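Observations on the three-dimensional arrangement
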Amino acid sequence: MGQKVEREPAFESISVAEFFYRNRQMAGFGNSTQAVYSTVRELVENSLDSCEEALRSPLVDITISSLDPEVCHVSVSDNGLGVPVEYAPEAFTRVLYGSKYRQRQKRGAFGLGVTMAVLYGQVTTDLPVVVHTQTEEDGGTEFTLLIDVKNNAPVVKATRRLRRGSAGTTVSLSIKGDTKRARERIIEYLRLTSVSTPYARISLSINGEKESFGGVSQELPRNPIETKPHPRSADLELLRRLSSDAMSRGLREWLVDSFQKVGEKTAARLLEFISLDSRQPVSSLTREQLTVLAGGLRKFDDFEGPDPRSLNPVGKGQFLLGVQSTFSTTATQYAARVPSEWDGHAFIVEAVLATGDDFPCSDLPTVFRFANRVPLLYDASEDVLTRALRKVNWSRYSLRSSPPAAIFVNLSSTRVPFKAAGKQSIDAVPSIEAEVVALYRDLGRKLRKVVNRGQRATRVSRKKKEFSKSFRLLAESSANLAECEVPEYEGMIQNLFEVDEDV
Ligand SMILES: Nc1ncnc2c1ncn2[C@@H]1O[C@H](COP(=O)(O)OP(=O)(O)O)[C@@H](O)[C@H]1O
Ligand SMILES: [Mg+2]
């Protein structure tokens with residue numbers, strides 16, 4: 001009789017937290033330099049989102065100190081809304097925490113950022129995160145938290161009541177990371193952040209060395225409005241989630257309530273288009289019917305585009321100010337496209353083209369990429385904002401005759417199609433690429449105008465010099481012949497060229 005062999009199960013399920021730790025390079029924590037940079041970036045993103053939501057000028061303090069050559073301590077403090085006590089443990093330790101039915105532009109995308117930093121810190125140093133937070137309503141609490149990685153749940157090690165000077169949040173954690181090597185990236189990131197967010201005052205201290213950024217504007221952006229999802233953005237998963245909350249409501253009423261741009265009439269037309277009964281209770285929809293509905297929402301071409309008021313672009317005044325206060329420029333031009341959409345998500349692209357000796361000389365302008373105002377520093381080559389640059393024939397726009405040029409380009413969207421969870425590079429979605437190419441061409445035309453104007457001015461000034469020389473000779477010899485004083489002729493030349501100079 002053969003012996004029965006007990007086998008280890010070949011498969012195991014892993015929690016979402018474990019998944020992200022195992023695939024940490026996807027989330028921007030692939031090596032010890034990137035880990036420090038990504039930690040700072042995620043914490044700063046949350047701080048700025050929170051201050052803007054509170055409609056306060058952001059004051060963000062970052063302190064980074066090396067505990068030993070391999071481990072550093074990062075602390076980021078803000079004057080934002082704070083996190084209500086009952087949500088704080090979940091917000092900082094549960095991966096993919098948050099309800100995202102409603103949409104409006106913000107920097108955070110999927111509830112992964114800060115938790116990924118906390119997770120990375122915990123796994124590499126075995127130390128907890130300390131969160132000190134206070135809202136306008138409560139007196140302030142300090143949490144010491146760990147993540148239960150297997151169950152993707154918080155472990156609250158300690159809490160204590162502790163007042164802060166004012167509402168806001170301080171997050172402090174330790175991670176294995178190379179501060180020295182990350183330093184330059186962090187400074188570049190903050191410098192570019194002050195281009196897109198000139199009203200934020202950010203201070204940085206790395207091992208005692210201090211630097212500050214931004215704070216050049218008092219003007220805060222308005223808060224974008226929250227919208228329901230657009231029907232074209234609904235996939236089967238979203239439909240399932242929305243329909244499971246719908247109880248016994250009729251299909252038409254539920255569609256009107258769940259989506260933007262769907263009124264009674266549009267809903268009726270859509271349901272006729274896919275042959276579903278308006279009054280059918282949502283709870284009785286079969287899987288096949290949900291699939292038909294998902295397909296219908298994509299094919300039906302009678303929806304208006306998504307509401308652009310959920311977007312929050314930088315805007316002409318702030319973007320120009322941001323660039324001019326951060327770089328030394330000889331000329332700056334702003335351009336923006338009208339709002340558009342990709343798969344039901346609203347987006348808008350805007351950019352500043354700047355010239356000046358701060359930028360490298362090249363056949364193409366140097367591109368500084370931003371998504372929802374966040375500077376993107378890694379994985380540039382395949383990003384749609386870089387790809388679009390190669391699709392424009394820059395030789396048509398007098399680039400060679402201009403001082404070195406750079407483009408600061410920002411994509412604002414309720415959903416940015418990042419290539420990976422690290423949010424470093426934007427996918428080449430055709431409608432976005434077309435808008436960015438058109439935006440670059442608009443800027444190219446503006447550049448050509450500036451260069452032509454400059455060339456014309458140089459020509460005029462050369463002509464003026466030559467005229468002046470001939471006039472002087474003429475005036476001197478005539479005065480000699482007539483035996484009188486040399487007449488005043490500079491004013492005459494000035495008059496002669498005044499019209500031309502204004503062109
Ligand atoms: N500094 C902060 N101030 C206020 N709320 C914060 C702060 N940091 C994190 N949060 C809350 O924690 C949530 C989770 O943050 P995060 O994991 O970075 O995800 P995301 O930014 O993608 O929403 C945020 O959506 C926010 O509600
Ligand atoms: Mg975040």
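Residues numbered from 1 in each chain as written. Chains lettered and ligands numbered in written order. Predicted model: local features only at pLDDT ≥ 70, side-chain atom pairs only at ≥ 80, totals over all residues.

Turning to the overall build of the protein, a few remarks are in order. Scanning the protein from N- to C-terminus turns up 13 helices and 14 strands. Scaling as 2.2 N^0.38, a compact globule of 503 residues should have a C-alpha radius of gyration of about 23 Å, whereas the protein reaches 29 Å, well beyond that. Seen through its C-alpha atoms, the protein measures out along the principal axes to roughly 130 × 65 × 60 Å. Expressed as a percentage of its 503 residues, the buried residues of the protein come to 40%. Sequence-distant contacts, at least 24 apart, represent 73% of the contacts inside the protein between residues at least 6 apart. (Helix = DSSP H or I, 4+ residues; strand = E, 2+ residues; numbered from the N terminus. Rg over C-alpha atoms; globule rule 2.2 N^0.38 Å. Buried ≥ 20, exposed ≤ 12 C-beta atoms within 10 Å, placed from the backbone. Contact = placed C-beta atoms within 7 Å.)

Glancing now at the domain arrangement of the protein. Assigned domains within the protein: domain 1 (16-214), domain 2 (231-299), domain 3 (308-450) and domain 4 (456-502). A separation of 28 Å is found between the C-alpha centroids of domain 1 and domain 3. Contact with domain 1, which involves 23 residues of that partner, is made by 28 residues of domain 3. Looking at the side of domain 1 that touches domain 3, the elements that each hand over two or more residues are helix 2 (32-53) and helix 5 (179-196). (Domains from an automatic or database assignment.)

Here the focus is helix 8 (residues 264-273). Burial in helix 8 covers these residues: Ala267, Leu270 and Leu271. When helix 8 is viewed along its axis, its buried side chains cluster within an angular range of 95° and face the same direction. Summarising the geometry of helix 8, the exposed residues directed more than 90 degrees from the buried face are Lys265 and Glu272. Each element contacted by the buried residues of helix 8 is listed here: helix 7 (251-258) and helix 9 (287-299). Once helix 8 finishes, serine 275 follows within two positions and takes phi at roughly 55°, a positive value. (Arc of directions from axis to C-beta.)

Turning our attention to the site of ligand 1. Ligand 1 sits among 20 residues. The nearest are Asn46, Ser50, Ala91, Gly108 and Gly113. By residue number, the principal contributor to the shell around ligand 1 is helix 2, which donates four residues. Its residues assigned to classes, the shell around ligand 1 shows eight nonpolar, ten polar and two charged. (Near = placed C-beta within 6 Å. Nonpolar A, V, L, I, M, F, W, Y, C, P; charged D, E, K, R; others polar.)

Moving on, we get to the sheet that holds strand 5 (residues 153-161). Strands sit in the order 5-4-3-6-2-1-7-8 across an open sheet of eight strands; the sheet is mixed. Whereas interior strands pair on both sides, the edge strands pair on one side only; in this sheet they are strand 5 and strand 8 (209-214). Across the sheet, the axes of successive neighbouring strands diverge by a mean angle of 15°, strand direction being ignored. Pairing of strand 4 (residues 141-148) with strand 5, which is carried by eight bridges, proceeds in the antiparallel orientation. Its bridge partner lying in strand 5, isoleucine 147 is registered against proline 154. (Pairing = 2+ DSSP bridges. Axes fitted to C-alpha atoms, helices over the stretch in contact; angles between N-to-C directions.)

The next thing to look at is unusual backbone geometry. A positive phi angle, near 65°, is found at lysine 261, a position not held by glycine. Within the secondary structure, lysine 261 sits in the loop between helix 7 and helix 8. When the 17 C-beta atoms within 10 Å are taken as the criterion, lysine 261 is described as partly exposed. Backbone geometry places aspartate 379, a non-glycine residue, at a positive phi of 50°. By the element assignment, aspartate 379 lies in the loop between strand 13 (374-376) and helix 11 (384-390).

Following both chains from N to C, one finds helix 5 and helix 10 (residues 316-326) inclined at 145°, their axes separated by 6 Å at the closest point. The residues of helix 10 that touch helix 5, namely those facing Arg191, Ser194, Val195 and Ser196, are Gly322, Val323 and Thr326. Considered class by class, the residues forming the contact of helix 5 with helix 10 number two nonpolar, four polar and one charged.

It is at 9 Å that the axes of helix 7 and helix 8 come closest, and there the two elements cross at 125°. If you check the angle between helix 7 and helix 8, you find them oblique. Handedness of the helix 7/helix 8 crossing: right-handed. Counted together, Leu251, Arg252, Leu255 and Val256 of helix 7 and Glu264, Ala267, Ala268 and Leu271 of helix 8 form the full contact between these two elements. Tallied by class, the residues present in the contact of helix 7 with helix 8 amount to six nonpolar, no polar and two charged. (Parallel < 35°, antiparallel > 145°, perpendicular 65-115°, else oblique. Left-handed = near helix turned anticlockwise from the far one by under 90°.)

To continue, consider the pairing of strand 2 (residues 71-78). For strand 1 (residues 59-68) and strand 2, the ladder comprises seven bridges, and the chain directions are antiparallel. From the neighbouring strand, aspartate 68 faces strand 2, where its bridge partner is valine 71. Between strand 1 and strand 2, which pair antiparallel in sequence order, lie two residues. Note that strand 2 and strand 6 (residues 168-176) share eight bridges and pair antiparallel. Looking at strand 6, one finds that cysteine 72 is bridged to isoleucine 175.

Here we come to the pairing of strand 8. In this structure, strand 7 (residues 201-206) lies alongside strand 8, joined through six bridges in antiparallel fashion. Residue pairing for strand 8: leucine 204 is matched across the bridge by glutamate 211. Taken together, strand 7 and the strand that follows it, strand 8, pair antiparallel across an intervening segment of two residues, in which asparagine 207 is found at a positive phi of about 45°.

Turning our attention to the nonpolar core. Generally speaking, nonpolar side chains in soluble globular proteins are found buried as a group. Phe20, Val40, Ile62, Phe92, Met116, Val118 and Leu119 are the most contacted members of the largest nonpolar core, which has 52 residues in total. Among the elements that take part in this core, helix 2 stands out by supplying eight residues, more than any other. In this structure, phenylalanine 92 is in contact with Val114, Thr115, Val118, Val129, Val131 and Leu145, ignoring residues within four places of it in sequence. Judged by nonpolar contacts, the second largest core, of 43 residues, contains Val314, Phe370, Leu399 and Val436. (Core = buried A, V, L, I, M, F, W, Y, C linked by C-beta atoms within 7 Å.)

Glancing now at the environment of glycine 82. Here glycine 82 shows up in the loop between strand 2 and helix 3 (88-93). Exposure remark for glycine 82: the 24 C-beta atoms within 10 Å place this residue in the buried category. In the structure, glycine 82 is positioned 168 residues away from glycine 250 in sequence and 40 Å away in space, judged by C-alpha atoms. With residues near it in sequence (within four places) discarded, glycine 82 still touches Thr133, Gln134, Thr135, Ala167, Gly168 and Thr169.

Summarising the element assignment, glutamine 424 is placed in the loop between strand 14 (405-413) and helix 12 (430-482). The buried category is assigned to glutamine 424, around which 21 C-beta atoms lie within 10 Å. Considered as a pair, glutamine 424 and alanine 27 are 397 residues apart in the sequence and their alpha carbons are 9.2 Å apart. Ignoring any residue separated from it by four or fewer positions in sequence, one finds glutamine 424 in contact with Gly28, Leu376, Tyr378 and Asp379.

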